[in-house]
Amino acid sequence: MQNTAAPTPTHCPYCALQCGMNLAPVEGGGVEVRERTDFPVNRGALCGKGRTAPAVLDRGARLTEPLVRGADGELAPASWEDALDRVASALAGTRAEHGADAVGVFGGGGLTNEKAYTLGKFARVALGTSQIDYNGRFCMSSAAAAGTRAFGLDRGLPFPLEDVPRTGCVILVGSNPAETMPPSLRYFTELRERGGTLIVVDPRRTRTAEQADLHIAPRPGTDLALALGLLHLVVAEGRVDEEYVAARTTGWEEARAAAMAHWPEYVERITGVPVPQLREVVRMFCEPEAAMVLTARGPEQQSKGTDTVGAWINLCLATGRPGRPYSGYGCLTGQGNGQGGREHGQKADQLPGYRKLDDPEARRHVAGVWGVDPDSLPGPGRSAYELLDALGTDVRALLLMGSNPVVSAPRAAHVEERIRSLDFLAVADVVLSETAALADVVLPVTQWAEETGTTTSLEGRVLLRRRAVTPPDGVRGDLYVMRELAARLGVEKGFSDDPEEVFEELRRASAGGLADYSGITYRRLAAENGVFWPAPEPREAGAAPHPGTPRLFLDRFAHPDGRARFVPVAHRASAEEPDEEYPLLLTTGRVVSQYQSGAQTRRVAELNAAAPGPFVELHPRLAERLGVAEGDRLAVVSRRGRAVAPARITGAIRPDTVFMPFHWYGEGRVNTLTNPALDPVSRMPEFKTCAVRVERSSDAAGGAGGAGGAGAVSGRTSPRP
Ligand SMILES: Nc1nc2c(c(=O)[nH]1)N[C@H]1C(S)=C(S)[C@@H](COP(=O)(O)OP(=O)(O)OC[C@H]3O[C@@H](n4cnc5c(=O)[nH]c(N)nc54)[C@H](O)[C@@H]3O)O[C@H]1N2
Ligand SMILES: Nc1nc2c(c(=O)[nH]1)N[C@H]1C(S)=C(S)[C@@H](COP(=O)(O)OP(=O)(O)OC[C@H]3O[C@@H](n4cnc5c(=O)[nH]c(N)nc54)[C@H](O)[C@@H]3O)O[C@H]1N2
Ligand code: SF4
Ligand SMILES: [Mo]
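Not measured: the values here are computed from a predicted model.

## Considerations on the pattern of salt bridges
Under the counting rule described, the total for this entry stands at 53 salt bridges. Residue R207 pairs with E179 through a salt bridge whose shortest N-O separation is 3.5 Å. One end of the pair, R207, is in the loop between β9 (197-201) and β10 (214-216); the other, E179, is in helix α5 (residues 177-180), with 28 residues separating them in the sequence. With its nearest N and O atoms 2.7 Å apart, the salt bridge here joins R683 to E386. Here R683, found in the loop between β28 (675-678) and β29 (685-686), pairs with E386, found in helix α15 (residues 384-389); they are 297 residues apart in sequence, far enough to count as distant. Residue classification places E386 among the partly exposed positions, given a relative accessible area of 26%. One network of salt bridges, with partners in common, ties together E81, D85, R483, E484, R488 and D497.

Shown next as structure tokens:
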């Protein structure tokens, strides 16, 4: 296919909002972004990342040929045949010597549904390994676990964003859409214009919090106590919706008893939020007919993230919100395909259609679609951090597709050391990320505008991305990589590099599952601007297609009895609390002009100019106590290591807390500091809370001034023994 004259309607490569955009060919090759107004979610608006996304298509920014590490220890160009042979023989060799579970696979929530589905199948069928997980574990896994527990089903938003302006009150918990999904802000602006109120819960007064009617700034890691204190007040003030609780839920008595143990004064001591503010939140949330709680990574990336989200869901259930019009609980999923990426089998415990790998009926169904014996499918594997932690010991070879863990994983220096100790690492990526630079083989793959595929947005809306430009010679697709590797591992059938063919198989594999896509086709997606799952195929031939399900739970929840479940939860401390040696709390997050590990956005000049490097946000009182001035180089030290970046002094943060964004490698890598303490249910690491001390960095040799490495690191300089 050549560049066509008409612009191609598609979606942004980055976040879960999946803004619609048009790509128009430009003279001399390539494409530029044009406004696309027919997609209702963003109605043409884009943030800077979406606007500049074509820059990463340029040859200069990306990989255009396979790289293989030679005897001299350096990565050097190779043919596709040689690169694929080398990967297949290394994976097969490891499997023969150490067993199938010595081969690991690590995926990403940015991969299309077709890729994520194929990666899960590749691990279980072509490699026969149980050792697969993905970066979504670091993202929304706590909300997913809590949603499944309470409602029997996890779809981030159980209603479309267009419902937000029609509700009476939104509590945004640990979410900063002004930086992380700017075009979505209009929904909150419109809410307020219509007379609704916005409450933001964030230890920092963010650009989002500045727009709120009420900003609550708890200590990081205390949202669980906060939600319990609010529920306590709801009960004490007689605001429970008894009729709803009786008709639509189970477990209220235990959850009520647990909340009553959390007195407002006790909650004030834990969270730092004054009791009158707690009362104000309860009033604003309970008075309107309709209200919502939306969470994002702030409360979720905690070693108690599942219970924390559970506590917010309990508050919603007690006040009769979920399953009522313009009401309920939702999670703002993060990555481009963060929703679909967690439904179709790249997760350690999962089969397509949001099925469970340990469910015999699910195994039978999916094995039937795959044409394999159900008993040949391995069982559940390790979660993402546990998998990374096992590299070089139990897991000796790794295929990585769609993640850059050397920057983004918790306790990253340790993870980097584990990755370096592998017998063999293959990375498929569009750029030479810091992790790809450590690989034995790097496979350069096509990206969003160069290929067709589906993503599922934060609303649960399945969308079609369309190919708009011809990829450079020397680049192949992820589906091609998996097909070719499977063939070299002796599995000739069942792997296609045609995305529509893969989607047709995914439809059958998902049929009857919670995330049922069987009634969705490429043709429908092209015509309908997306379809909300579940959308099962009608049983009778010739029947009208299922319209999709924008709003869930209106009649029943997804548990067998149709009721939502309260889960009794109680406050507990974070895995690491401040002490004399590490007296401050560190929390982490994002800035608008960089995306995730920065692998893509640090290669875009305009974005780099806007956000050139890491920084440490701290309160003026703390700065004064430490004798720190704006721009001073600071060392932030935790039990796991030390990161250096310039000071940014602001009254917008709590004096007991410092904040760093996580988009950079090098001395400013904040994940050198973060704590891999895991939530017992979701296995989410505690990215948002750990204990640190802050010092002026006396290390004058640093030189880089906190820029933190704009490009990729060089790989190992000597071959592995
Ligand atoms: N520009 C940009 N946009 C992105 C991304 C990106 O990297 N860059 N990534 C995408 C992805 S994958 C994701 S997951 C989303 C994430 O989207 P968000 O969740 O909005 O992003 P974060 O900045 O990680 O965290 C949100 C807020 O949580 C606050 N917070 C920290 N600790 C706590 C706490 O203990 N309690 C509470 N209540 N709040 C706390 C932080 O101060 C921060 O303002 O963004 C998506 N969009
Ligand atoms: N301290 C701290 N750490 C965090 C977080 C935090 O809030 N604080 N947030 C966590 C969260 S929510 C997330 S989602 C993770 C994200 O962290 P990562 O998993 O590192 O995410 P990305 O930087 O998006 O990495 C994606 C990689 O895949 C490549 N890529 C993009 N598209 C494709 C494709 O189609 N195929 C292939 N093969 N490669 C592709 C990109 O170039 C990039 O190198 O970080 C987590 N880490
Ligand atoms: S908000 Fe997200 S989807 Fe929209 S343009 Fe920005 S990065 Fe892309
Ligand atoms: Mo994420």
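## Some remarks on helix α11 (residues 275-286)
The end-to-end C-alpha separation of α11 is 17 Å, in line with the 16 Å expected for 12 residues at 1.5 Å each. Buried within α11 are the following residues: V275, L278, V281, V282, M284, F285 and C286.

## Re the sheet that holds strand β17 (residues 424-429)
The strand order across the open sheet built from 7 strands is β5-β4-β18-β17-β16-β6-β7, with neighbouring strands paired in mixed fashion. Of all the strands in the sheet, the pair left with one neighbour each is β5 (75-77) and β7 (132-134). For this sheet, the mean angle separating the axes of adjacent strands, direction not counted, is 15°. Where strand β4 (residues 67-69) and strand β18 (residues 441-444) come together, 2 bridges link them in antiparallel fashion. Across the sheet, the residue bridging to L67 is V442, located in β18. Across the sheet, helix α2 (residues 80-98) lies against β4, β6 (103-107), β16 (397-401), β17 and β18, angled at about 130° from β18, the strand it touches most. Helix α18 (residues 478-488) rests against β16, β17 and β18 of the sheet, and its axis sits at about 150° to β16.

## Brief notes about the nonpolar core
Grouped together as the largest cluster of nonpolar side chains are 164 residues, with contacts concentrated most on F122, I171 and W312. Ranked by residues supplied to this core, first place goes to helix α7 (residues 223-236) with 9 residues. Ignoring sequence-local partners within four residues, the contact set of F122 consists of L127, L399, M482, L485, A486, L489 and F495. Judged by nonpolar contacts, the second largest core, of 27 residues, contains L67, L398, L438 and A439.

Rules of the game
- Residues numbered from 1 in each chain as written.
- Chains lettered and ligands numbered in written order.
- Predicted model: local features only at pLDDT ≥ 70, side-chain atom pairs only at ≥ 80, totals over all residues.
- Heavy atoms only, no water.
- Salt bridge = Lys/Arg side-chain N within 4 Å of Asp/Glu carboxyl O.
- Helix = DSSP H or I, 4+ residues; strand = E, 2+ residues; numbered from the N terminus.
- Buried < 20%, exposed > 50% of the residue type's maximum accessible area, 1.4 Å probe, protein only.
- Expected span 1.5 Å × (residues − 1).
- Pairing = 2+ DSSP bridges.
- Axes fitted to C-alpha atoms, helices over the stretch in contact; angles between N-to-C directions.
- Contact = heavy atoms within 4.5 Å.
- Core = buried A, V, L, I, M, F, W, Y, C linked by side-chain atoms within 4.5 Å.

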